[in-house]
Amino acid sequence: MSGLTDLMTMAKPNEALKARIIALLARGPDMCLQCGRCTSGCTAFRLLELKPHEIVCSAKMGFVEELVSSKSIWDCALCLKCAERCPQEVSPYELILSLRNEAISKGLEIPEALRDILMTLMETGLAFKPKKAVDREGKAYGREELGLPALRTGLSEQALMALMELLGGA
Amino acid sequence: MPGLAVFWGCRVLSGDVALELSVRKVLETLGVDITDLEPQSCCGEPIRSLNLTASCYLALRILALSASKGYNEVLMPCSKGYFMANWSLDMLSRSGELSEAISKAFSSEGLSLDRLSRPIDLVELVYRAVGPEGLRNKVEKPLGLRVALHPGCYFMRSKPGTGEGLRKLAELRELLSAVGVEAPYYPGMMDCCGGSLWLTRQDAALTLAGSKLKAASESSLDCLVVLCPSCFEMLDARQEDALSAVGEKKGVPVLYLPQLLGLALGIDPAELGLRFNRSPVEELSVVR
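Everything numeric here is computed off the predicted structure, so don't read it as measured data.

(A) Molecular detail of the domain arrangement of chain B. All names here are of chain B. The domain architecture assigned to chain B consists of domain 1 (4–120) and domain 2 (132–283). For domain 1 versus domain 2, the separation of C-alpha centres amounts to 23 Å. At the junction of the two partners, domain 1 supplies 22 residues and domain 2 supplies 29 residues. Together domain 1 and domain 2 conceal approximately 2,200 Å² of surface at their shared face, both sides included; 67% is due to carbon and sulfur atoms.

This is how it looks when you write it as structure tokens:
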């Protein structure tokens, strides 16, 4: 496929980057037949400049850089309809996540909400800080007031180390 | 013989007690024992976009931790946690690179990929423990409701491409019918609430939630019923914003599935955490 050129951007396929993007995927893009079933069911269809089957097609052909910097990968609702519908066991959902991973590790983009979650995760081992429950009148209740047992939460030191190593290696 | 561990997840621990209270109460009434898995930690779902390996590590670590404490199965009432467990298992079975990285991450805690608890969700648990007939026998107050069931992406598509979702939906409908609840199809039933889009596109996420609420209203069904805390957040807690995103005013009562089951089992609404629902649940006569 190395003879291809994207006539819109004059880009050449980047096979090494493609290999990295799809290395972990259980259901990578190579089996795609471009039937378009993913796109026909896509929740975020109206938001996407590049439709799911186009994202898969570009990735399959090795035009990955454009996808990594595309806004479309951040508009995906992660609803899994594409993966459910694909007759070829391709998961555009997984591919989009992998492209997001690459964009973040390149420093191209990191949504603010995700940054907050990561901070909380490192601090507490949970994505959201444990807090009191507030009822519809605005009254706050602790767990014991509701008859709920106290629960230990958090990640062990070893798990936190392992997590940081995995995140650092990205 | 160790029984069943339960992994609640971050949303429950950060204040969404309606799910926890109602699951505990319903299972107690049905005579199903659960033991809290400790310590509870993140299932990895919120960091999928950041790093696939790390998010699968967190999900599988829950299964490994639970197995190391002797549990064969772990109940995951949160659909996102349940999906993360199943998806990570799928990824693991297909990618040598991933299993190598996770084995290595597990080694410092003495955990192993060879010993993982099996994740189960609430529908499977209730179906297996008492089944539709057993449930019917315990009903104190047949509900006589027609509801807009919102199965949600992570329940319906926990194992994409396998047809598992439709099988689970059929079981769920049998359970609902046992408590006097009909859950007919309505346009948009299988659609997404926008929960996962909230992280990156809040405006679009609210439009999706609003469209869902509008669809439920227009189908003249009694209330929306959800399984997942992320859906509950979008459709119940953020209902006002979601409605205004689509120019609607009419509120829709939103109940968790275990709250609905609990009402039918004759459990006091206060014990099912209904005061923590923001949507107009008082419109339902079964709640009063």
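On we go from here.
(B) Spotlight on the confidence of the model for chain A. Residues of chain A with pLDDT of at least 70 account for 98%, and the chain-wide mean is 93. Taking the mean pLDDT of every element in chain A, the minimum, 93, falls on helix α7 (residues 112–124) of chain A and the maximum, 97, on helix α2 (residues 37–40) of chain A.

(C) The arrangement of the interface of chain A and chain B in detail. With 65 residues of chain A at the interface, the matching set in chain B holds 68 residues. Interface area for chain A against chain B, summed over the two sides, is near 6,000 Å², with a carbon-plus-sulfur share of 62%. Linking A:R143 and B:E20 is a salt bridge whose minimum nitrogen-to-oxygen distance equals 2.6 Å. Linking chain A to chain B there are 29 residue pairs in polar contact (both at pLDDT 80 or more). Put simply, the parts of the chain that give the side of chain A that touches chain B at least two residues each are α5 (81–85), α6 (92–105), α7, β1 (133–134) and α8 (157–168) of chain A. Its residues assigned to classes, the side of chain A that touches chain B comprises 41 nonpolar, 8 polar and 16 charged.

(D) Quick peek at the environment of B:Y256. All names here are of chain B. By the secondary structure assignment, Y256 is in strand β9 (residues 254–256). Sequence spacing of Y256 and K212 is 44 residues, and the spatial spacing of their C-alpha atoms is 16 Å. Residues within four places of Y256 in sequence aside, it is in contact with D16, A18, L19, V225, V226, L227, C228, P229 and F232. At 2.4 Å, the side chain of Y256 forms a polar contact with the side chain of D16.

(E) Local environment of the sheet that holds strand β8 (residues 224–226) of chain B. Residues and elements named next belong to chain B. Read from one edge of the open sheet, 3 strands run β6-β8-β9, paired in parallel fashion. Strands with a single pairing partner mark the edges of an open sheet, and in this sheet they are β6 (148–150) and β9. Averaged over all pairs of adjacent strands, the angle between their axes in this sheet comes to 25°, without regard to strand direction. Inspection of the sheet shows β6 paired to β8 by 3 bridges, in the parallel sense. Residue pairing across strands places L149 opposite V225, the latter belonging to β8.

(F) Structural view of the sheet that holds strand β4 (residues 118–120) of chain B. Residues and elements named next belong to chain B. Taken in spatial order, the 4 strands of this open sheet run β2-β1-β3-β4, and their pairing is parallel. One side of each edge strand has no neighbouring strand; the edge strands of this open sheet are β2 (34–36) and β4. Averaged over neighbouring strand pairs, the angle between their axes works out to 40° when direction is ignored. In terms of strand pairing, strand β3 (residues 73–75) meets β4 through 3 bridges, oriented parallel. Pairing of E73 across the sheet is with R118, part of β4.

(G) Here's a closer look at the pattern of salt bridges. Residues and elements named next belong to chain B. This model, assessed by the stated rule, comprises 34 salt bridges over all chains. A salt bridge links E45 to K80, with the nearest nitrogen and oxygen atoms 3.4 Å apart. Of this pair, E45 sits in the loop between β2 and α3 (52–68) while K80 sits in helix α4 (residues 79–94), and the two are 35 residues apart along the sequence. Judged on exposure class, the residue E45 and its partner K80 are both buried. Here R136 ties to E133 by a salt bridge, and the two come within 3.1 Å at their closest N and O atoms.

(H) A look at unusual backbone geometry. Look at the link from B:E38 to B:P39: it is a cis peptide, with omega at -10°. Looking at where B:P39 falls in the secondary structure, it is placed in the loop between β2 and α3. The backbone of A:E89 sits at a positive phi, close to 55°, despite the residue not being glycine. Tracing the chain through its elements places A:E89 in the loop between α5 and α6. Classification of A:E89 by relative accessible area gives partly exposed; the value is 44%.

Calculation rules
Residues numbered from 1 in each chain as written. Chains lettered and ligands numbered in written order. Predicted model: local features only at pLDDT ≥ 70, side-chain atom pairs only at ≥ 80, totals over all residues. Heavy atoms only, no water. Domains from an automatic or database assignment. Contact = heavy atoms within 4.5 Å. Buried area = accessible area lost by both parts, 1.4 Å probe. pLDDT = per-residue confidence, 0-100. Helix = DSSP H or I, 4+ residues; strand = E, 2+ residues; numbered from the N terminus. Salt bridge = Lys/Arg side-chain N within 4 Å of Asp/Glu carboxyl O. Polar contact = N/O pair within 3.5 Å; in protein donor to acceptor, adjacent residues only side chain to side chain. Nonpolar A, V, L, I, M, F, W, Y, C, P; charged D, E, K, R; others polar. Pairing = 2+ DSSP bridges. Axes fitted to C-alpha atoms, helices over the stretch in contact; angles between N-to-C directions. Buried < 20%, exposed > 50% of the residue type's maximum accessible area, 1.4 Å probe, protein only.

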